[in-house]
Amino acid sequence: MNIFGKNSEARPASNPGVEQHLVGKVAVVLGASRNMGRDFARELAAHGADVVVHYNAASSRAEAEETAGLVQQAARRAWLVDGDLTNPATVRKVFDAAEQAFGRIDIVVNTAGVVIKKPFVEITEAEFDRGFAINTKAAFFVMQEAAKRIADNGRIINIGTTLLGATTAGYSVYAGSKAPLEDFTRALAKEIGARGVTVNTVAPGPVDDSFFHPAETPQSVEYLKHMSPQNRLGRIDDVTPVIAFLASPAAGWVTAQTIFVNGGFLAR
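Here the structure is a predicted model, which is why all the values come from computation and not from measurement. (Residues numbered from 1 in each chain as written. Predicted model: local features only at pLDDT ≥ 70, side-chain atom pairs only at ≥ 80, totals over all residues. Heavy atoms only, no water.)

Peer 1: Explain the pairing of strand 4 (residues 78-82) to me, and be specific about the residues and the numbers.
Peer 2: Along strand 4, 5 of the 5 residues are buried, which leaves the element largely enclosed by surrounding structure. The side-chain alternation of strand 4 yields two buried faces, one formed by Ala-78, Leu-80 and Asp-82 and the other by Trp-79 and Val-81. The β-α-β motif built from strand 3 (residues 50-55), the intervening helix 2 (residues 61-73) and the parallel element strand 4 has right-handed crossover chirality. (Buried < 20%, exposed > 50% of the residue type's maximum accessible area, 1.4 Å probe, protein only. Helix = DSSP H or I, 4+ residues; strand = E, 2+ residues; numbered from the N terminus. Right-handed = clockwise from strand over helix to strand, strands pointing away.)

Pasting the structure below:
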């Protein structure tokens, strides 16, 4: 595991018009080098949080440094840490690094994931193992470590998928490996709720980013657009306000929930 500090002295927040309800809080964003993770880190910083930016490996380090730069542009401190979250020992080291950098953890957002889209009968054992290792095992041990470390009145937020409630061909391993998040969320919320800690899963629909497109064809993209009453894919900035709310003091009565953010793609 490689730790790279961008931990300069915090300056007064300079985000006019944005409520600074997270000043003094520390957020750990897993999978923050790009896509939703990057924007979640930037959004939490805009509201005043210092951010631990996790990335998986050296190949995404440069992008993680860009994320850290966005945090610093919001006049907040950033700390970079990498590691393979499918190894529980590495998960512990990531949280160790967060505590060493900032002395506390208040918000944990787990965006790490992998999408596999293939017909059910073509899924290999290696693909099955990879999907469940990242989407299920890693998520479980991130939540477990978060529960041990997070401050009272903290926030644990998982990123799931609208496919938790939809039937769509080709996503058996992706949807199946994300499905346990709902049960993990409900169970952990019950176990640590007395401390004021909330645990929720946000389930976006198809989002127009580089996580979504590699698994799709032009035809499937058009189909998925038409599934929304607004006839478009989601944008990351459709999801970030939900993360900011769940991380805020105002969300203290929202826990054990799966919150679908999909423009009407699916209602449940």
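Peer 1: Tell me about helix 3 (residues 88-102), and name the residues and values.
Peer 2: Over its 15 residues, helix 3 extends 22 Å from the first C-alpha to the last, a length consistent with the 21 Å expected when each residue adds 1.5 Å. When we look at burial in helix 3, the residues that qualify are Thr-90, Val-91, Val-94, Phe-95, Ala-97, Ala-98, Ala-101 and Phe-102. For helix 3, the angular spread of buried residues about the axis comes to 150°, placing them on one side. Phi turns positive, to about 85°, at Gly-103, one or two residues after helix 3. (Expected span 1.5 Å × (residues − 1). Arc of directions from axis to C-beta.)

Peer 1: Explain unusual backbone geometry residue by residue, including any values.
Peer 2: Despite not being glycine, Asn-35 has its phi angle at roughly 55°, a positive value. Within the secondary structure layout, Asn-35 lies in helix 1 (residues 35-46). Looking at Asn-35, the relative accessible area reads 19%, which means it is buried. Even without being glycine, Ala-256 reaches a positive phi, approximately 65°.

Such coordinate-based values are descriptive only and should not be taken to indicate function.
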